[in-house]
Each structure stands twice: as structure tokens, then as C-alpha cells.
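Observations on the three-dimensional arrangement
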Amino acid sequence: MSTTTAPETTEVEAPAQDWKGQSVPRKEDRRLVQGQGVFVDDVKRHGMGYIHFVRSPYAHAHITSIDVSQAEEMPGVYGTLTGEEVAALTDPFFQISSVPGANLKDYALAVGKVRYVGEAVVAVVAETRERARDASELVEIEYEPLAAITDARHAQDDGVPTIHDDAGGNLMWHGTYEWGDLDAAFAEADKIVTIDELHFHRFNSTPLECDGALVEYNRGVGQWTIHTNNQFPGFAAIMMGPAMRTGLDKLRFVTQDIGGGFGNKITSHPQLVACCLLARKLGRAVQWTEWRTDFHMSMSHGNERWFHETEVAVKSDGTLLGFRTKALDDAGAWLRYEPLGGVIWAQVTPGMYKWRNIRVDFTQVATNKAPVSPNRGYSRMQHLWFTERVIDIVAKELDIDPVEMRKRNYIKTEDMPYETPNGCVYDSGDYARMLDIGLELIDYANIDQRRLEATARGKLLGVGIGSTLDSGTNNFGQSRMINSELQFSGNNEVATVKLDIFGEIVVTLGTTPQGQGHETTAAQVVADILKCSVDDVHVRAGHDSYWNSHAGFSGTYASQFAVTGLSAVKGATDLLAAEIKKLAGAVFGGVPEEALELADGGVRIKDNPDAFLPFMACGAIINANNAGLPEDLGVTLNCRYVYRPPFEVPDIERKFGNLTLTYATQIHVAVIEIDPETGAYDIVDYAAVDDCGKRINPQIVEGQVMGATAHALGAATHEHYAYDEDGNLLTPNFYDYHVPHALDMPPLKTAATESPSPFTPLGTKGMGEGGGAGIHAICAAVQDALRGHGDAIVSDSCNPYHRVWEMLQAPAEAGGRVSVVDA
């Protein structure tokens, strides 16, 4: 059930100048609902082979021998690939980290040693997927097991096993961030609140479609065509090209429809390299579709993070002065995208609050778990959950209403744009107003009465708030804070818009959409500029790096399409509009461009509407009937634009600078009822309020809010990648890892405000990753419900029913430890 206070939707017949801001039906939906989408597993080739990976049953072990002979002799098997072959044919993947993480030697398959359960050791290719899976059982691998480390808190203890000898230990990266004057802040404080430990758990967003690829090798030109659902082909190419000892022009990435990404599909480059090597070795196309259990065991876990010895300087009235904490991040066995998580969080250093004095001591270590990668809200989600936990815990200890605590410390709308202590610039927003809307949606004014009614039914009612920022459009210069020798900075995205021979308006994107509605919103932007209908705009589905719309950072990730993608579309369309006018001016006999206007699918003279040139005529003249045009006309009607956000390279020494361009906001409010006998709870009311600047398509935005909320509630209540002490994943499939079903979702009320960004051409902000607010909203609601019933401090981001029951039974042991002293 869902209600909304968003503006009513408008049908397709909206005036052309108003396409932006209308809930136009999605262009993508017709093919998707009719089963005509093309996903990676739909791509087939004659005689192709199917890949199955043989995976390690050990979390940590030396590989002493591999024998693939029996598998290769099995009828229908085309061949195999081992780690030794990979090491001979490729170089280790480029590492983002500085030393010691920079010393890791990471290949497409395990070489000499396995470091987590599920690590790929051998690839088998056969005529069917089932035959490849059967043949994989004939591969004989002997291991020498080693002790495993699965708790990051002990990864650097004396005597623990070293996972990567090349790194000299399990420390991967360490850095200290400090801004403001901590000594002065703590001297000014009335109270110092100390929180012993907070823990953000390991989970991911479980896209409906797992990873996959179909790879072909053209031996004549030495080129691979990689049909894949990797969502960031720009990054994949950077990782794969040097490792494969080939130029990036030899790697052609092709996608169409992708069944969800959420960051989880950024780091499939090891598997893609294995596919490329096999396609070349066997002389045939190869296809890999990941099994769900393989996905859970080996791909894309979100960062697990602890916050230790957190100290908060606060005035008696709740004014926050500063905090210091020690953050410990578990990267898993490999640094496939890490340690970027060690800096990405800094985009939202103070959260939504006016803290000016902050110190974060950040450490990332390796463990014998699956590697982590970006997961919806990457690294910011963990830090924002932490800042929200601090707010609620401090409010509890000072006996201040959490609502008032937030309003007292929120950054105010009149302070926007607001420079954070570390130089990021929050572009716009009104957090207090959004909170008021959320509270109104759940009838907060009558919450005390509802609490009494719940008590009468034997339930404990709690209310929780989660405030989060969805920072979008990365400045990749922040990577230099991790490794000063990296040569990344800024960002870019490309689009081309052309008027074809019969007047078709064709848009080509550099992005790789996974359900966000890029085709629809791009068409809306184009239609507004060219003064035509969205039905006249044809947006090519998917991505092809051989189209002339691919840049180094092309892809869909980090909440940026509404900024980078649509700004590129706008730039290309503006160029096309100017060229159409220039051409028409020449055709009309030297009419100046300012005397012309676009309207009704063509161009006309403003003072003489009968002098009209339809787009079809424009396309035909340039492409097929161009004799006699001025030689210096300079019109192609095929316009390419590269959008580059206005970034500077951050100050690496001070760790200071603008790390991202826009800041969308989501504020969630949850109401739960707990059964004190069992710890089970129901979410009885829920509100999500969003501000992503100017909304191009409100219905698409609302869908993103709802989807992100579902991810958050799943993570807060059930979803958890739990390991035993031997490194075995205890939740390797959907039998054990429960994701929310439709019936698990509460009544969801949504609302939206708009604070256009002053930094983007369309006033838009990236959005879609703000659902992390829901994780904290549930934590806070649980803590609120336990008031007077043990008063446990909720210190973990995941609180299934058994944990709530434990906090009811033994609050001191099951909850967090907090102390308060007078400064």
C-alpha cells in the first residue's frame, strides 16, 4: 500500500515546453513488460561455450595441485582455464591503493592460494551450462588449509595469519582525517559522550539479475566484444586493458537491459578477463551467467564497518561541537574497488549537521571473506548511519527529543550553499521542512496517544528518524587522498544527438541504465529543447563503447545520471538546435538565427510562421540533398557533447576540497510495534521524504525512493552476510538470506520537495541511494520502543527479531555501551 503527496502526474499530451517535470510513461516499459527486453543471458551465438567456475571450499589455503585432465576428457567439454595460465597471460590488476594495499597481486583466477570460500580457481567451458557444471566436479584440486581470519577487529592481532604476503600483513590502507579545532571543541563542551562501539553490517542489494557476459574474440583484428551487464564499463576497461596487455580500443563493451545494478555490478572485471582469455583460447564465443549462490559467495558485498571509541563534544542544550572516532573497514580478501571507501564517506563528513570539528582515524584491513565493492549508498551509507546513531544516542543521554536534537543541529536552508569542514559544498536543501513533512505523514502530533493504544495491546511502540544525503557526481580527484600518485580527477559523461535523414531525432547515451528510466528522461530533456513530442525522440537502448558516446568515466553509478548524463544530453541538444537554425537560415536565404524558432517538429521564421522547415526536410538536406549549401556552413546535425562538472583537484595534504557536485536528501520516519515476548516487530507506519532538486520525471523519482526504501528495510531487519569462524558464508542463497517481498513492505507514504541545485544546468541532483535513511530509522525506532524496557542502546545496523529479544532480556550485554562525563 502506498500513498503520496507528490504532485499529480500529467498525461503525455502535456505542452511540449513542459515535458520536464511530468510523469511521462517510461519508454522502456513497453518492451520490458512484454518480455522483449534483451538481457545479457538473452545474447546467444552459434557454437558458444558455457562457463562454470570451480570455486574454493576453503577460506584460506595453499593450492598444491590442479588436475583438469578428467574434466577436459569429458564429452562436450571445450576446455579449461587455470590460475597458472592466467598468471602467464596477464599482469596483476592495477591497484588503487597506496602501499601496503598497492602490493597485492590480484588475477582473474586464484594463483597459488585461495583467500575466501567461493574464490574462482578453475574455469570449465562446455556445450551446455549443465555439462560445464558436471565437468567442474571432475577437476581435482588439492589444498593445504590455513587458519582464516573473519573478524576485522582482530585482523592485525599478533599471530593471526597473513592473507597477502606481498602486503606484509593484513593492513590494506590507513589514513587520518582531521578538520577544525578538536581541542577547542572539547574544551568548550559541557558534556562528552563516549560510545564504545557501533557496527554497520555486511550485506548487498541483491539485483534480480546476477552478473554475466557473452564474449567473442575477433582473431583477425585482435578485438573482444564483451556483451555484459557490468554497470561501469569505463572502470572495467581501465582495469582490464593493462592486465590483458592490450589497448582499450580492443575491448568493446555492449549492454542493453540490465536487471538491477546498485553498484554490485561494477567489479566483475576479473570474471570478464577470464571470459576474454577463454574466448581467445578456444576460438569460440563463451557465455557466463552467474548462479545466485556464486553471487552471494563471491561478488560485491557491501562494506562492513566498525566505529570505535567515538567521543562527542556537546553543549547541555544539545548543540554539537565535534566528534572523533576510529573507523575500521573490512575489505574482504581483495581490493577490487577499494580502498576508495576510505575516502568516499568524506563527501558527507558532517552528515546533515553543523559539526565543524571532526577527526576520523580510518583503517581498512583484509579478511578471508568475499571482496567488497560499491553497494547502494557506497561508504556514505555507513558514515551517515553512524552520524545518525550519534545524534540519537546523544539525545537519549541528554534527555532531548530526537526531533529537537536534529532541528537544533541541522544545516539551515539559509546557509546553502554550505561548505563543510572538509571543503565539500552542499548545494541546496531544507532539512527541517522535510522532517516536518515526514512527521506529519505519520501523524507525529498524536504519537503519544498511539503509544498508549499500543501498550494496551501489549506492544511497545517506537518512532525512528533517518536523515541521509545522496551525494552524486563524484570528483575522482578524491582518489588521490588514497594514493597521491593516481592521475584521476573530475568526472565526465558523453551524449550525442542527431537529426537523421528522415528527420528522426536519435539520442545516444554513454550511460548503462539498470532501470532508472534514462531513455525516458533523456527524451523529456530533448523534447523541451527541440520543441517536439517525447514520442519523436528515439533514445538508443543500452551502451556500446564503440558508439561515439563513451568517455573514461562512462557508466551508471554514484547517483549522477540526472547531472552528468542529462547535462551531456542537454549540451548535445543545444548544439543540435543551433545547427538546425543555422541550416534553416541558409535555406531561407540568409535569415539570421535570432529570427528563427523551433516549434511543432521543425523550424520557422518567427514573423512568418508559414515559412516552416520540418525536421525531416532538415535531415534530408544535410544528409542527402546538400549540393549548393554554403561551404562554410559547418552543420552536420550530428552533435556530440562532453559534460565535465566544475571541479578542482582537492588539496591532498589538507584532505580538503569539493568531492562531489550535488546533494539530494531523503528523510525517513518509521513507526514500529514490538512484541516484548518474542522481539518480533511490525512496521506499522512509514514515511519517506525526498528532495533531489528539479525532478525531470516525478514518478520515476518516486519509484527510486520506494526501491531504495525496500533495500533499507531488508538490510535493517533481515539481510546479513554472516560468516562462521572458518570463513563459511552462512547465508549463501535466498533460502537463508531473506530479501523483502511485496508483503513484507509496510504502508509507505512518500512526499517530495524541490530545491534546485545552483550547480547543474538543469537544477537536477543525482538520487537513488538515499534509502540508507531507512536503516537508521528502524534502529532508532527500536531504541525508542525499548525506552523503559531495559533502555538498550542499539549499536548494530541490522536488528532481526532475535537481537531485539536479546536487548529486551539483557540490555547491558546485547546493547551498546555509552558513558557521559562533564567536560
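Residues numbered from 1 in each chain as written. Predicted model: local features only at pLDDT ≥ 70, side-chain atom pairs only at ≥ 80, totals over all residues. Heavy atoms only, no water.

**Concerning the overall build of the protein chain**
In terms of regular secondary structure, the protein chain is built from 20 helices and 31 strands. Dimensions along the principal axes, computed over C-alpha positions, put the protein chain at roughly 85 × 70 × 50 Å. By the burial criterion, 62% of the 823 residues in the protein chain qualify as buried. Contacts spanning at least 24 positions in sequence make up 80% of the contacts within the protein chain whose residues lie at least 6 apart. With the model as given, the accessible surface of the protein chain reaches about 29,400 Å², and the carbon-plus-sulfur share is 48%. In the protein chain, 68 side chains carry a positive charge and 111 a negative one; their mean positions are 3 Å apart. (Helix = DSSP H or I, 4+ residues; strand = E, 2+ residues; numbered from the N terminus. Buried < 20%, exposed > 50% of the residue type's maximum accessible area, 1.4 Å probe, protein only. Contact = heavy atoms within 4.5 Å. Areas by Shrake-Rupley, 256 points an atom, 1.4 Å probe, with all protein chains shown as cover. Lys, Arg positive; Asp, Glu negative; His and termini not counted. Charge placed at Lys NZ, Arg CZ, Asp CG, Glu CD.)

**Section: the nonpolar core**
Counting residues in each nonpolar core, the largest one holds 126 residues, and the members touching the most others are Y177, Y426, Y431, I674, I775, I778 and V782. The greatest single-element share of this core, amounting to ten residues, is contributed by helix α10 (residues 380-398). Among all residues touching I778, those that are not within four sequence positions of it are A670, I672, Y681, I683, L713, A716 and T717. By size, the runner-up hydrophobic cluster in this structure holds 51 residues, among which are V497, V569, I580 and A584. (Core = buried A, V, L, I, M, F, W, Y, C linked by side-chain atoms within 4.5 Å.)

**Concerning the domain arrangement of the protein chain**
For an interface, size is often stated in terms of accessible area lost upon the parts coming together. Looking at the protein chain, the domain boundaries give domain 1 (413-472 + 662-720 + 730-816) and domain 2 (487-532 + 558-643). Placing a centre on the C-alpha atoms of domain 1 and another on those of domain 2 gives a separation of 42 Å. Together domain 1 and domain 2 conceal approximately 1,200 Å² of surface at their shared face, both sides included; 64% is due to carbon and sulfur atoms. It is I696, P761 and L762 in domain 1 that bury the most area against domain 2; as a group they hold 40% of the surface buried on that side. Inspection of the domain 1/domain 2 interface yields zero salt bridges. (Domains from an automatic or database assignment. Buried area = accessible area lost by both parts, 1.4 Å probe. Salt bridge = Lys/Arg side-chain N within 4 Å of Asp/Glu carboxyl O.)

**Points about the pairing of strand β25 (residues 602-605)**
Note on strand geometry: in a regular strand, side chains alternate between the two faces of the sheet. For strand β24 (residues 596-599) and β25, the ladder comprises four bridges, and the chain directions are antiparallel. Its bridge partner being in β25, A599 is matched across the sheet by G602. Linkage of β24 to β25, two consecutive antiparallel strands, is achieved through a turn of two residues, within which D600 is found at a positive phi near 55°. Pairing of β25 with strand β26 (residues 608-614) involves four bridges; the strand directions are antiparallel. Note that in β26 the partner of G602 across the bridge is P614. (Pairing = 2+ DSSP bridges.)

**Observations regarding the sheet that holds strand β12 (residues 251-255)**
Strands sit in the order β4-β6-β2-β13-β10-β11-β12-β23 across an open sheet of eight strands; the sheet is mixed. The two strands at the open ends of the sheet, each matched to only one other strand, are β4 (77-82) and β23 (543-544). Bridge count between strand β10 (residues 212-218) and strand β13 (residues 286-289): four bridges; the pairing is antiparallel. Its bridge partner being in β13, V215 is matched across the sheet by V286. Contacts between helix α6 (residues 233-244) and the sheet are confined to β11 (223-228), β12 and β23, with β12 contributing the most and set at about 150° to the helix. (Axes fitted to C-alpha atoms, helices over the stretch in contact; angles between N-to-C directions.)

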